[in-house]
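# Structural overview for review
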Amino acid sequence: MDKEIIHKFIVNALSEDVGDGDHTSLATIEAGTQGKAKLLVKDTGILAGVELAEEIFREVDANLKLNIFLRDGAEVKPKDVALEVEGDAQSILKAERLVLNCMQRMSGIATRTHDIVKLLEGTNAKVLDTRKTTPGLRYLEKWAVRIGGGVNHRIGLYDMILIKDNHVDYSGGIRQAIENANRYLQQTGRKLAIEIEVRNLDELEQVLQTGNVNRIMLDNFDFDTLRQAISMINGRYITEASGGITIDNIRDYADCGVDYISVGALTHSVKSLDLSLKAV
């Protein structure tokens, strides 16, 4: 966990939600009232965001006492209790919605990722996330992917060169795009991996002739063409399949022999896990 990123996120999120005060709690609950609440699981899946919840409660009120029963990555079912929090009732309610919003979304992502990881058992393929994340929540969503057993791809535009179809078209072709990228790295002294997306076997052949990349993304290939592409690459580069991949066909993609399979749906269209915080 990157404490600096998390602290900044929590401060901004609380500011957005609380504004100049939780006036409902201030109006209805006498100052100093002590209370206890339990975080109740109402769904089946993989729990994620517990460590983040600890930081949120601590930021809201360092005097709140937490009793953690289930940690990140735990398999959960309805009626499980993930944690209990005890202390100032107004503080508990101030933290409640941020804790739930984060944990529900993170748990949904971890659950989806875990389901896919299970489907890939027995193959060499690993599931990757993408940049199709919620603005402002990317760190949390990619953290949830790791909790679910998946692998993070690049975090943003800054930590890898990923040459996609638009880059190829704007730069004038496969060879030119790869040569431009390598020249840029030489000129700037940056040490970044280069991945290039190909749309067909002709583009793949151009990449193989040019070289100077680390990974090849095979985009929207059918199974027969994907197997042919893997044979052409013959272990010389890391391979990644992408495009049109669902939970129903991902095992078929893995069986074609790719190293990684990227799935945007891990983060862009996932169902949150149902959790609630109840006073006890």
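Scoring rules and cut-offs
Residues numbered from 1 in each chain as written. Predicted model: local features only at pLDDT ≥ 70, side-chain atom pairs only at ≥ 80, totals over all residues. Heavy atoms only, no water. Domains from an automatic or database assignment. Contact = heavy atoms within 4.5 Å. Buried area = accessible area lost by both parts, 1.4 Å probe. Salt bridge = Lys/Arg side-chain N within 4 Å of Asp/Glu carboxyl O. Polar contact = N/O pair within 3.5 Å; in protein donor to acceptor, adjacent residues only side chain to side chain. Helix = DSSP H or I, 4+ residues; strand = E, 2+ residues; numbered from the N terminus. Nonpolar A, V, L, I, M, F, W, Y, C, P; charged D, E, K, R; others polar.

## With respect to the domain arrangement of the protein
Domain annotation for the protein reports domain 1 (3-116 + 271-279) and domain 2 (120-268). Centre-to-centre, using C-alpha coordinates, domain 1 lies 35 Å away from domain 2. Counting from both sides, the interface comprises 20 residues of domain 1 and, opposite them, 21 residues of domain 2. Taking both partners together, domain 1 and domain 2 bury about 1,700 Å²; carbon and sulfur atoms supply 76% of that area. When the buried area of domain 1 at its contact with domain 2 is split by residue, Ile109, Thr113 and Ile116 rank highest and sum to 37% of it. In this assembly, domain 1 and domain 2 are joined by one salt bridge. As a salt-bridge pair, Arg105 and Glu141 come within 2.7 Å of each other at their nearest N and O atoms. Taken together, the links from domain 1 to domain 2 amount to five residue pairs in polar contact (both at pLDDT 80 or more). For the side of domain 1 that touches domain 2, the leading source of residues is helix 4 (residues 89-119), giving 10 residues. Class assignment for the residues of the side of domain 1 that touches domain 2 results in 11 nonpolar, four polar and five charged.

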